[in-house]
Amino acid sequence: PDNALAVLKSFVSVKGTKKQMSPDEVLEYTRTFGKVLKESDLQEMLHKFVNLRILRDKDESGRYELRHDALATKIYEKITLVEKEILEIRQFVENAYANYEKRQIFLETADLNYIAPYIDKLFVNKKLSDFIENSRKNITAKKRAFNRTLRYSFIGFFIIIIAVIVYYFRSSISAKAEELTFESFLQRDFSPALSFNTALNAYSKDSTSTAAKKALFDAFYALLENG
């Protein structure tokens, strides 16, 4: 009787309505209800239920279903709360897989956390178990890609900061060199020696400055002219 009830429960949806099932799907669902049946025993039960007019005979696709919704309602009353939760989780996974086949969307972290407490009770087929495992791998790959991007972003940000500091430092030096160069030009007429020292200081700060070089040479020649 327990095995037979497990088989009948397989033909009821999470909403308490009848649904079509193949023998292979029934075997999966009976495992969800805690029963492991042989295929031969299942076939015998299915034929018996057909003869008792509880199930309709299999259709062209090899699927059976309950004859009346009233039967589904009565059987649904026999499904325990825990079994209903498991059925809901299983339905969730099946719907997610159907969505994956259409749009190639894997389960997210929240989805995996939702089904995690029931994963050892679902007894899903290989395509669904592979889908769950590939969803885990996809999330791991996303995390690695995010961490890699974050690491590269941090390195890039650090390089930018260094570049800004170097640019500011060089700009400050260049500005100081320009200031000293201007002072050197002003000092040349009344103190060539002071002008030369100032120009030398400017040149030491920015050896690429053409103005600093000119100030240095002008002060040098002014020193020569003054003996």
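What counts as what
- Residues numbered from 1 in each chain as written.
- Predicted model: local features only at pLDDT ≥ 70, side-chain atom pairs only at ≥ 80, totals over all residues.
- Heavy atoms only, no water.
- Helix = DSSP H or I, 4+ residues; strand = E, 2+ residues; numbered from the N terminus.
- Contact = heavy atoms within 4.5 Å.
- Buried < 20%, exposed > 50% of the residue type's maximum accessible area, 1.4 Å probe, protein only.
- Core = buried A, V, L, I, M, F, W, Y, C linked by side-chain atoms within 4.5 Å.
- Patch = residues over 30% accessible without salt bridge, like charges linked within 9 Å, V, L, I, M, F, W, Y side chains within 5 Å.
- Areas by Shrake-Rupley, 256 points an atom, 1.4 Å probe, with all protein chains shown as cover.
- Salt bridge = Lys/Arg side-chain N within 4 Å of Asp/Glu carboxyl O.

Asker: Would you mind going over the side chain of Ser13 in detail, with residue names and values included?
Answerer: Note that Ser13 resides in the loop between helix H1 (2-9) and helix H2 (23-32). Apart from residues no more than four positions distant in its own chain, Ser13 is found in contact with Lys19 and Tyr76.

Asker: An account of the environment of Ser129 is requested, with residue identities and associated values reported.
Answerer: Here Ser129 lies in helix H8 (residues 126-187). On the basis of relative accessible area, Ser129 is assigned to the partly exposed category, the value being 30%. Between the C-alpha atom of Ser129 and that of Glu28, which follows or precedes it by 101 residues, the distance is 12 Å.

Asker: Could you give an account of the nonpolar core, naming the residues involved and the relevant values?
Answerer: Counting residues in each nonpolar core, the largest one holds 23 residues, and the members touching the most others are Val7, Phe11, Leu46, Leu55 and Leu66. Take this core: its biggest share by element is 5 residues, from helix H3 (residues 39-51). Discounting chain neighbours no more than four positions away, the residues touching Leu66 are Leu8, Phe11, Val12, Lys18, Ile54, Leu55, Arg56, Leu71, Ala72 and Ile75. Core analysis: the second largest hydrophobic core is formed by 14 residues, Ala96, Leu128, Ile132 and Ile139 among them.

Asker: Can you explain a nonpolar patch on the surface? Please cite residues and give values.
Answerer: Residues Tyr152, Phe154, Ile155, Phe157, Phe158, Ile159, Ile161, Ile162, Ile165 and Val166 make up a contiguous nonpolar surface patch of about 1,000 Å² in total accessible area. Checked against the element boundaries, Tyr152 lands in helix H8.

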